Amino acid sequence: MSDFKTMGQQFGRRSWAEPWKIKMVEPIHMITREAREKAAAEAGYNTFLLRSEDVYIDLLTDSGTSAMSDRQWAGMMMGDEAYAGSRNFYNLENAIQTYYGYKHIIPTHQGRGAEHLISQAIIKKGDYIPGNMYFTTTRLHQELAGGTFVDVIIDEAHDPTDPHLFKGNVDIDKVKDLVKKVGAENIPYVSLAGTVNMAGGQPVSMQNARELKAYCDSQGIAVYLDATRMYENAFFIQEREEGYADKSIAEILLEFCSYTDGAWMSAKKDNLVNIGGWLAVNDAKVAEQARTMVVVYEGLHTYGGMAGRDMEALAIGIAEGVQDDHVASRVRQVRYLGKLLLDWNIPIVQPVGGHAIFVDAKRFYPHIPQDQFPSQTLAAQLYLDSGVRTMERGVVSAGRNPETGEHRYPALELTRFTIPRRVYTQAHMDVVAESLKAVYDQRESTKGLKMVYEPEYLRFFQARFALLD
Ligand code: F0G
């Protein structure tokens, strides 16, 4: 075991620290309360519509917000910007094959580009796609391809207080029930995500992946992985699952991916780049279908919407992001914030997940009904208090049922405090926690919001709200 793991146990009070030091900084500052009130009103109380210059600490997302390393920046200077066959593509292909173990690699501009390709390639109209909780863009691409998403995550995942250590697990009995109901021939694949974003960054166990694959193989159903935050998932396996404590994150990742037939990736997260994505599959026929489509929607199959320099930074980021000390410090920073909030009895999803703290807005604002958007309200109030930007992950994100047109009311009504990788310090986490505490202390007098504009797709990005008083 490496030193950073044993140190804490040996000395009790020894802290961990980030495995990097800061070489370049970007100034940030908090604008006045008056300016924040104006900015929030202009943004329709939707944090996606704020200007980033009006934000102090930006916890909207961990997507594309990582700090790149000196090596990645050096890689940017080595971009081979040829239209076809760029050297950087082959470096990227090699990195994905080495660390994830898949055969055929198709680059895309970001994760949803890969979701589009895989959904169009293997879903036919009327199909069902079971998955361990929906993700917004993933489900929409499955629906646009003619499929119906069916949630097969374990029940514990829908309870923010349940202490289950692998709340991302698939309930394989739910998959079996679906097979009985609609027939295996109408289920092209199981959509498996590790970790599960909407459940609070919760991991899937190796055992669950292994059992799922064995069952799906017996039915002729494929398993495709949303690998967006698989490094963090591998960390939880190393920490919590028997037999994995002495394996590296890289070894765990390779084994986990071996229980799947391919993966799509938003490289803007674990892979430590500001833009990029990829699709990787083992089946040559699926690869061919995806390759014929990538040229229509993304770009030639050796760049898929990325510049050569971006592919180089990505190839380097793949290898850096999988290092044990990096992933451990990343998850521990998230936990540090979680512990501060728990010490003040602020209701958050437990166990704390990999990439974010999710505040349970139903318990935070028990007097605000779900159709007055409690987690959207919390995100707006936090911004007003301190300029800290977070994101709604509740009824607004869940959207409307395409058949009935009604709001989908998810069990989880959460506000996400997402921590970018290698960007903020522990002191920033202290500021965030103290601001949330101030908002919590005023919770009883806080009123909800009403929606005044609603776009047709992915409404959380562009919807507008007004204060309800
Ligand atoms: N899958 C997961 C689990 C994601 O979290 C995301 C993006 C995507 C797919 C789509 O990838 O953005 O590169 O097109 N999540 C971001 C977030 C937007 O903030 O959680 P993308």
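Going by the structure above, here's the rest.
Residues numbered from 1 in each chain as written. Predicted model: local features only at pLDDT ≥ 70, side-chain atom pairs only at ≥ 80, totals over all residues. Heavy atoms only, no water.

## Re a nonpolar patch on the surface
Taken together, the side chains of Val-295, Val-296 and Tyr-297 define a hydrophobic patch exposed on the protein surface, amounting to about 310 Å² of accessible area. By the element assignment, Val-296 lies in helix α11 (residues 284-297). (Patch = residues over 30% accessible without salt bridge, like charges linked within 9 Å, V, L, I, M, F, W, Y side chains within 5 Å. Areas by Shrake-Rupley, 256 points an atom, 1.4 Å probe, with all protein chains shown as cover. Salt bridge = Lys/Arg side-chain N within 4 Å of Asp/Glu carboxyl O. Helix = DSSP H or I, 4+ residues; strand = E, 2+ residues; numbered from the N terminus.)

## Concerning empty space enclosed by the protein
Under the defined criterion, the tally for this structure stands at four cavities of 30 Å³ or more. There is about 60 Å³ of room inside the largest cavity. Taken together, Glu-18, Trp-20, His-326, Ser-329, Arg-330, Gln-333, Arg-421, Arg-422, Val-423 and Tyr-424 make up the full set of residues lining the largest cavity. Partitioned by chemical class, the residues of the lining of the largest cavity number three nonpolar, three polar and four charged. The calculated volume of the second largest cavity comes to roughly 50 Å³. (1 Å grid on protein atoms, 1.4 Å probe; cavity = no way out; pocket = protein on both sides within 12 Å on 5 of 7 lines; lining within 4 Å. Points joined across faces, edges and corners; volume = space filled by probe spheres on them. Nonpolar A, V, L, I, M, F, W, Y, C, P; charged D, E, K, R; others polar.)

## Structural notes on the packing of aromatic side chains
This structure, assessed with the given rule, holds 12 aromatic pairs. When the ring of Tyr-100 is compared with that of Trp-278, the centres are 4.7 Å apart and the planes differ by 70 degrees; the resulting orientation is edge-to-face. Residue Tyr-100 is found in helix α4 (residues 87-100), and its partner Trp-278 is found in strand β7 (residues 277-281); the two are separated by 178 residues along the sequence. Residues Tyr-100 and Trp-278 agree in their burial class; the two are buried. (Phe/Tyr/Trp six-rings, centres within 6.5 Å; stacked < 30°, edge-to-face > 60°. Buried < 20%, exposed > 50% of the residue type's maximum accessible area, 1.4 Å probe, protein only.)

## Focus on the layout of surface pockets
Looking at the largest pocket, its volume works out to about 1,500 Å³. Where the lining of the largest pocket is concerned, the elements lending two or more residues are α3 (70-76) and α13 (324-343). Counting residues per element, the lining of the largest pocket draws most heavily on α3, which supplies three residues. In terms of residue class, the lining of the largest pocket is made up of 15 nonpolar, 10 polar and 10 charged. Summarising the domain contributions, the lining of the largest pocket has at least three residues from each of domain 1 (3-62 + 324-467) and domain 2 (70-321). Along its surface, the second largest pocket is lined by 40 residues, and Arg-112, Phe-135, Thr-137, Asn-197 and Lys-269 are the ones closest to its centre. (Domains from an automatic or database assignment.)

## So, the side chain of Thr-377
By the element assignment, Thr-377 lies in helix α15 (residues 374-386). Relative accessible area serves as the criterion here: at 1%, Thr-377 is assigned to the buried category. A polar side-chain atom of Thr-377 sits 2.8 Å from the main-chain carbonyl oxygen of Phe-373. If sequence neighbours within four positions are ignored, Thr-377 has contacts with Tyr-365, Ile-368, Gln-372, Thr-446, Lys-447, Gly-448 and Leu-449. (Polar contact = N/O pair within 3.5 Å; in protein donor to acceptor, adjacent residues only side chain to side chain. Contact = heavy atoms within 4.5 Å.)

## Overview of the pairing of strand β1 (residues 104-108)
Within β1, four of the five residues are buried, leaving the element largely enclosed by the surrounding structure. Of the strand pairs in this sheet, β1 and β7 are connected by five bridges, and their pairing is antiparallel. Pairing of Pro-107 across the sheet is with Trp-278, part of β7. (Pairing = 2+ DSSP bridges.)

## What to know about the site of the ligand
Every one of the 17 residues lining the ligand counts as a neighbour, but Arg-112, Asp-226, Ser-266, Lys-269 and Arg-416 are closest to it. Side-chain polar atom of Thr-61 to an oxygen atom of the ligand: 2.7 Å apart, as the coordinates give it. Taking Asn-197, its side chain carries an N or O atom lying 2.9 Å from an oxygen atom of the ligand. In isolation the ligand has 470 Å² of accessible area, and contact with the protein removes 95% of it. Of the pockets mapped on this structure, the ligand occupies the second largest pocket. (Near = heavy atom within 4 Å. Sits in = over half its atoms within 2 Å of the grid points.)

## A closer look at the nonpolar core
By size, the foremost hydrophobic cluster in this structure holds 62 residues, and its most contacted members are Tyr-100, Leu-212, Leu-225, Phe-256, Trp-278 and Ile-318. The element contributing the most residues to this core is helix α9 (residues 230-240), with six residues. Within the second largest apolar cluster, 26 residues are counted, among which are Leu-59, Tyr-365, Leu-378 and Met-429. (Core = buried A, V, L, I, M, F, W, Y, C linked by side-chain atoms within 4.5 Å.)

## Details of the pattern of salt bridges
Under the defined criterion, the tally for this structure stands at 27 salt bridges. A salt bridge links Arg-71 to Asp-70, with the shortest nitrogen-to-oxygen separation between them at 3.3 Å. Judged by its relative accessible area of 57%, Arg-71 is exposed. Asp-70 sits in the partly exposed class, given a relative accessible area of 41%. Residues Asp-441 and Lys-437 are paired through a salt bridge, measuring 3.0 Å at the closest nitrogen-oxygen approach. Taken together, the residues Asp-441 and Lys-437, both in helix α17 (residues 426-441) and four residues apart, mark about one turn of the helix. Ionic contacts of the salt-bridge type, sharing partners, join the residues Asp-62, Arg-229, Glu-232, Asp-270, Arg-330 and Arg-421 into one network.

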